[in-house]
Amino acid sequence: MARPQPPPWVHAAFLLCFLSLGGAIEIPMDLSQPPTITKQSVKDHIVDPRDNILIECEAKGNPAPSFHWTRNSRFFNVAKDPRVSMRRRSGTLVIDFRSGGRPEEYEGEYQCFARNKFGTALSNRIRLQVSKSPLWPKENLDPVVVQEGAPLTLQCNPPPGLPSPVIFWMSSAMEPITQDKRVSQGHNGDLYFSNVMVQDMQTDYSCNARFHFTHTIQQKNPFTLKVLTNHPYNDSSLRNHPDMYSARGVAERTPTFMYPLGTASSQMVLRGMDLLLECIASGVPTPDIAWYKKGGDLPSHKAKFENFNKALRITNVSEEDSGEYFCLASNKMGSIRHTISVRVKAAPYWLDEPKNLILAPGEDGRLVCRANGNPKPTVQWMVNGEPLQSAPPNPNREVAGDTIIFRDTQISSRAVYQCNTSNEHGYLLANAFVSVLDVPPRMLSPRNQLIRVILYNRTRLDCPFFGSPIPTLRWFKNGQGSNLDGGNYHVYENGSLEIKMIRKEDQGIYTCVATNILGKAENQVRLEVKDPTRIYRMPEDQVVKRGTTVQLECRVKHDPSLKLTVSWMKDDEPLYIGNRMKKEDDSLTIFGVAERDQGSYTCVASTELDQDLAKAYLTVLGRPDRPRDLELTDLAERSVRLTWIPGDDNNSPITDYVVQFEEDQFQPGVWHDHSKFPGSVNSAVLQLSPYVNYQFRVIAVNEVGSSHPSLPSERYRTSGAPPESNPGDVKGEGTRKNNMEITWTPMNATSAFGPNLRYIVKWRRRETRESWNNVTVWGSRYVVGPTPVYVPYEIRVQAENDFGKGPEPETVIGYSGEDLPSAPRRFRVRQPSLQTISLEWDHPEHPNGILTGYSLRYLAFNGTKLGKQIVENFSPNQTKFTVQRADPVSRYRFTLSARTQVGSGEAVTEESPASPNEAYTNNQTDIATQGWFIGLMCAIALLVLILLIVCFIKRSRGGKYPVREKKDVPLGPEDPKEEDGSFDYSDEDNKPLQGSQTSLDGTIKQQESDDSLVDYGEGGEGQFNEDGSFIGQYTVKKDKEETEGNESSEATSPVNAIYSLA
């Protein structure tokens, strides 16, 4: 966070001219005055031959001046040349070539003269030149033959152009020549090879010259190189060898200078220009260049190194930059140095430039023309364009070297004087007029202006005026008589009033009064003091990740009478508020921050009088830039050193480098991770596999993410070898019941180790120990068949390439295909209690594979009524299961089968055992506790009692009551069975009563009213008489029970008890 210092703000209408406060006084244009040159062309004026020529010359004066020109110091008659014209109210020349003509015919030195009745002003001598871009001379260049390691200079020698062309080297295919410290272009345009390498033959070399005005490029015929070498070129083995030169048989040499030659030279430079020193050296290895200044240090604030340290540039040279400089060229074989003596000369430059002189009649004055240079310039005075010594004598004028003194000047002394100071490196020409006027004071600015200023600022009030003699100026405040000068006020020679620090009490009306012997003039200014604009909550420096949202605050206090504007700048340029940004009165929000958002943000709070600035720097953490310039060195059979130059970390330190490789045999174009290294390294030794044509790239990783991959390195192929491993994940599994498929994971490029990778597959039955079967396979699978069902095999898979076989493989056990298993053995169903049923079984006799589990399906049944089927799946190790009964009446049917991956095998079915007595007893117990049953039994007992009474009466009378007129099939205890052999547990006597649960699935069904007293008879013949008395088969049931020895549970019922009483 920073608050830049804002400049002081004052009202524009009364700002001081920030020229020198004691500078020249301007004569109002309504007064008579000599000419003054206001605009002119540069001294060296180069023009485009395709355009019209324009030579500028403009001047002011009263009366308006007239113009004429000289060419090569002779009068140039504009009227006689139809191509030349002069602009209206101006001296600017226009030379038109639309109707033909050659621009070169108008080259020369031109000078403009502006004249009125009070004098003549001169322009500089303007040298007109036409731009030239000549064609390169045609030449046939023979191939350049050079020994590898020798130095070489390819000369450009461009055709002379105006201005000098820009030189650059390219191939004939218009590809730029790569330059480095070994190969580089000199300032003269030549291409220097410190030592030639065989790879320099891969391209040709053509010098190109680009001409500024015509925008054309001239190309020289290309050079071709033929490099003689002691070692054939091999891109992947020796090019990046750490000792490349000796590996290629190139002799190492101490450095020698190619430019400049020898051990010493000298150079001259003009003051204010740039000094360029250059040293280019040859040698093996390529020398390094360092620069020094004898007796002192290089001027660090204006010195910079160029062209791989081969050039030293010092900008804006001054006299103290003279001296001896030397460059040191060194390599491991030695070093040499070259000394350059620098002399700084200077074209003339002003120390005191003459200024216009305004005098009243009888006043004294002087013109001063003082300049310096090396060598020291001479001074020549002229008046109205003529040498002063040839002008008419003037007794009021005295020349004293670089000064002209005027005494008791009169109207006749009006003229324009020229001072020309020159040496061998250039010249300066200045015009200064002497004007003799008798004018009372006058104010030149509007009257009664309002000036608003900011509290505590330094403020200057300007009161422009004119008069001759020059008036004196005084300032007053609020009509007070004391002159404002001293303390917080200061009055300059030109009359401007400076208030050093504005306070609230400085508000008021200020009056400036100009006085000379001819009168006085005054003007008033009202000064208002405003509170300053201040940012009281400034934006703060922030560090954010890419994609996040950031807010920069900027809260401002200002004078309420002034309009406030808040704007933002980025990197000192106006900020474009796009759709990702939101600007509010007191903040700036950036959504989805990107790398391009990084930079300095300045909040500018401004009014029409002042402004305040606050700056904060936004740092965006981004993914790193890609590494570059990958280089392979230390090449060996099984390793190589990879070196790279890290990219910008984009404000988040690089934590890791991921090295990837690609090979062009097995998976061309597919990149694989090779290794990972800390972010602090940029060079690593990579372990390699045989017979791989490697290509590497590097990815940088930081906290934000991964960079784009670097450009690939050059390729490096390792030599072959027998495999050192065998394929992994070897398996033998059946896809059908009569085969076995042997599969494995194929070996990749880094484990193949040689060409024509193949696999030797062996197998045999495990139990028989028979001889091995084998086959050679090029893929990753082989099917053995036909085979018995699910038998074990011993399997081996061995890798082999053209260099040999891999190590002896391990033996893996596989199995042929599986089939459906046989039924589980000894399936047993037991009922340990009325609530549970226990199941047990043994594994199948023939599993025919790996058992994956058991499936059990069972359901409850009660007569013809079936419950919902339930399925249970068990693990292959489980052989027991317990079923919780839903009710004690229903029976269960169980079906069990074993499973392999082929499917479920043969099933075995069993049913739960029958338990009718337990069921009936349990049911009776349940019914006997019901209220309705007790009431029914009481009613039946009453009816039986009445019947017994009737019988007793009958018997007393000697008759019989035919209770049982017919006898149906006796009620036997046989257990009915279903046709399928299952036991029907739902006889009429033991049928569950209404409302009981009859389903294993837990559903409760409200049964229809099947239970009635009819059930106690024989299939529905028992019935009630119309009077409600019960008649039926109770006698039948009784007789049957008596014959059966009362074995039925009904012997304990109330009905039987009544029969026994009878």
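Residues numbered from 1 in each chain as written. Predicted model: local features only at pLDDT ≥ 70, side-chain atom pairs only at ≥ 80, totals over all residues. Heavy atoms only, no water.

J.: Teacher, can you tell me more about the environment of Ser341 here?
T.: You can see Ser341 is positioned in strand S28 (residues 334–352). C-alpha separation for the pair Ser341 and Gly323, spaced 18 residues apart in sequence, amounts to 5.9 Å. Residues within four places of Ser341 in sequence aside, it is in contact with Ser265, Ser266, Gln267, Gly323 and Glu324. (Helix = DSSP H or I, 4+ residues; strand = E, 2+ residues; numbered from the N terminus. Contact = heavy atoms within 4.5 Å.)

J.: Please explain a nonpolar patch on the surface as it appears in this structure.
T.: On the surface, Leu942, Leu943, Leu945, Ile946, Ile949, Val950, Phe952 and Ile953 cluster together to form a nonpolar patch covering roughly 720 Å² of accessible area. Summarising the element assignment, Leu945 is placed in helix H4 (residues 931–957). Here Leu945 falls in the partly exposed class, since its relative accessible area comes to 47%. (Patch = residues over 30% accessible without salt bridge, like charges linked within 9 Å, V, L, I, M, F, W, Y side chains within 5 Å. Areas by Shrake-Rupley, 256 points an atom, 1.4 Å probe, with all protein chains shown as cover. Salt bridge = Lys/Arg side-chain N within 4 Å of Asp/Glu carboxyl O. Buried < 20%, exposed > 50% of the residue type's maximum accessible area, 1.4 Å probe, protein only.)

J.: Please explain the side chain of Thr589 as it appears in this structure.
T.: When you line up the elements, Thr589 lands in strand S54 (residues 587–590). Within polar-contact distance, the side chain of Thr589 engages the side chain of Gln551 at 3.5 Å. The contacts of Thr589, once residues within four sequence positions are left out, are Thr549, Val550, Gln551, Arg580, Met581 and Lys582. (Polar contact = N/O pair within 3.5 Å; in protein donor to acceptor, adjacent residues only side chain to side chain.)

J.: Just to check I follow, could you spell out the environment of Thr565 for this structure?
T.: The residue Thr565 is located in strand S51 (residues 565–570) in this model. According to the relative accessible area criterion, Thr565 is partly exposed, its value standing at 41%. Taking the C-alpha atoms as reference, Thr565 lies 5.3 Å from Ser606; in sequence the two are 41 residues apart. Excluding residues that lie within four positions of it along the chain, Thr565 makes contacts with Val604, Ala605 and Ser606.

J.: What am I meant to see in the nonpolar core here?
T.: Across soluble globular proteins, you tend to see nonpolar side chains buried next to one another. Ile53, Ile55, Trp69, Leu93, Tyr106 and Tyr110 are the most contacted members of the largest nonpolar core, which totals 30 residues. Secondary-structure elements contributing two or more residues to this core are strand S3 (53–55), strand S4 (57–62), strand S5 (66–71), strand S8 (93–95), strand S9 (108–116) and strand S11 (126–130). Excluding its chain neighbours within four sequence positions, the residues that come into contact with Ile53 are Val47, Leu93, Val94, Ile95, Phe97, Pro103, Tyr106 and Leu128. In this structure, Cys463, Phe465, Leu473 and Val529 belong to the second largest nonpolar core, which totals 22 residues. (Core = buried A, V, L, I, M, F, W, Y, C linked by side-chain atoms within 4.5 Å.)

J.: Mind showing me how you'd approach the side chain of Ser194 here?
T.: Checked against the element boundaries, Ser194 lands in the loop between strand S16 (191–193) and strand S17 (206–211). Taking the relative accessible area as the measure of exposure, Ser194 reaches 1% and is therefore buried. At 2.7 Å, the side chain of Ser194 forms a polar contact with the backbone oxygen of Ala281. Dropping the residues within four chain positions of it, Ser194 is found in contact with Pro151, Lys181, Arg182, Arg253, Met258, Ala281, Ser282, Gly283, Thr286, Pro287 and Lys310.

J.: Please clarify how the state of the cysteines should be interpreted in this entry.
T.: Think of a disulfide as a covalent bridge from one cysteine sulfur atom to another cysteine sulfur atom. Using the criterion set out here, one finds six disulfides in the structure. Disulfide partner of Cys57: Cys112, at an S-S distance of 2.0 Å. Taking the torsion about the sulfur-sulfur bond, which here is approximately -75°, the covalent link between Cys57 and Cys112 counts as left-handed. With a gap of 55 residues between them, Cys57 in strand S4 and Cys112 in strand S9 connect regions that are remote in the sequence. (Disulfide = S-S within 2.5 Å.)

J.: Mind showing me how you'd approach the packing of aromatic side chains here?
T.: Given two aromatic rings, their pairing is described by the distance between the two centres and the angle made by the two planes. Across all of its chains, the model carries 18 aromatic pairs by this definition. Geometrically, the ring pair formed by Tyr292 and Phe326 is stacked, given 5.3 Å between the ring centres and 25° between the ring planes. Of the two residues, Tyr292 is situated in strand S24 (residues 288–293) and Phe326 in strand S27 (residues 323–331); the sequence distance between them amounts to 34 residues. Note on Phe326: relative accessible area 15%, which makes it buried. Pairing Phe406 with Tyr417 gives two aromatic rings, centres 5.5 Å apart and planes at 70°, and the pair type is edge-to-face. Residue Phe406 is found in strand S35 (residues 403–406), and its partner Tyr417 is found in strand S36 (residues 415–423); the two are separated by eleven residues along the sequence. The exposure classification of Phe406 matches that of Tyr417, with both residues buried. (Phe/Tyr/Trp six-rings, centres within 6.5 Å; stacked < 30°, edge-to-face > 60°.)

J.: Which parts of the structure should I look at to understand the pattern of salt bridges?
T.: Opposite charge on two side chains allows them to pair when their charged atoms are near. Taken as a whole and assessed by the stated rule, the structure comprises 53 salt bridges. Its salt-bridge partner being Lys332, residue Glu252 comes within 2.9 Å of it at the nearest N-O pair. Of this pair, Glu252 sits in the loop between helix H1 (244–247) and strand S20 (253–259) while Lys332 sits in the loop between S27 and S28, and the two are 80 residues apart along the sequence. Between Arg758 and Asp802 there is a salt bridge, and its shortest N-O distance comes to 3.2 Å. With Arg758 in strand S66 (residues 758–765) and Asp802 in the loop between strand S69 (792–801) and strand S70 (804–805), this residue pair connects regions lying 44 residues apart in the sequence.

J.: Got a minute to help me understand the sheet that holds strand S22 (residues 275–278) in this structure?
T.: As a general point, the strands of a sheet are linked pairwise by backbone hydrogen bonds and lie either parallel or antiparallel. The strand order across the open sheet formed by three strands is S22-S26-S25, and the pairing between neighbours is antiparallel. Each end of this open sheet is capped by a strand with a single partner; those strands are S22 and strand S25 (303–306). Neighbouring strand axes in the sheet, compared pairwise and without regard to direction, differ in orientation by 20° on average. Note that S22 and strand S26 (residues 311–314) share four bridges and pair antiparallel. Within S26, the residue paired with Leu275 across the bridge is Ile314. (Pairing = 2+ DSSP bridges. Axes fitted to C-alpha atoms, helices over the stretch in contact; angles between N-to-C directions.)

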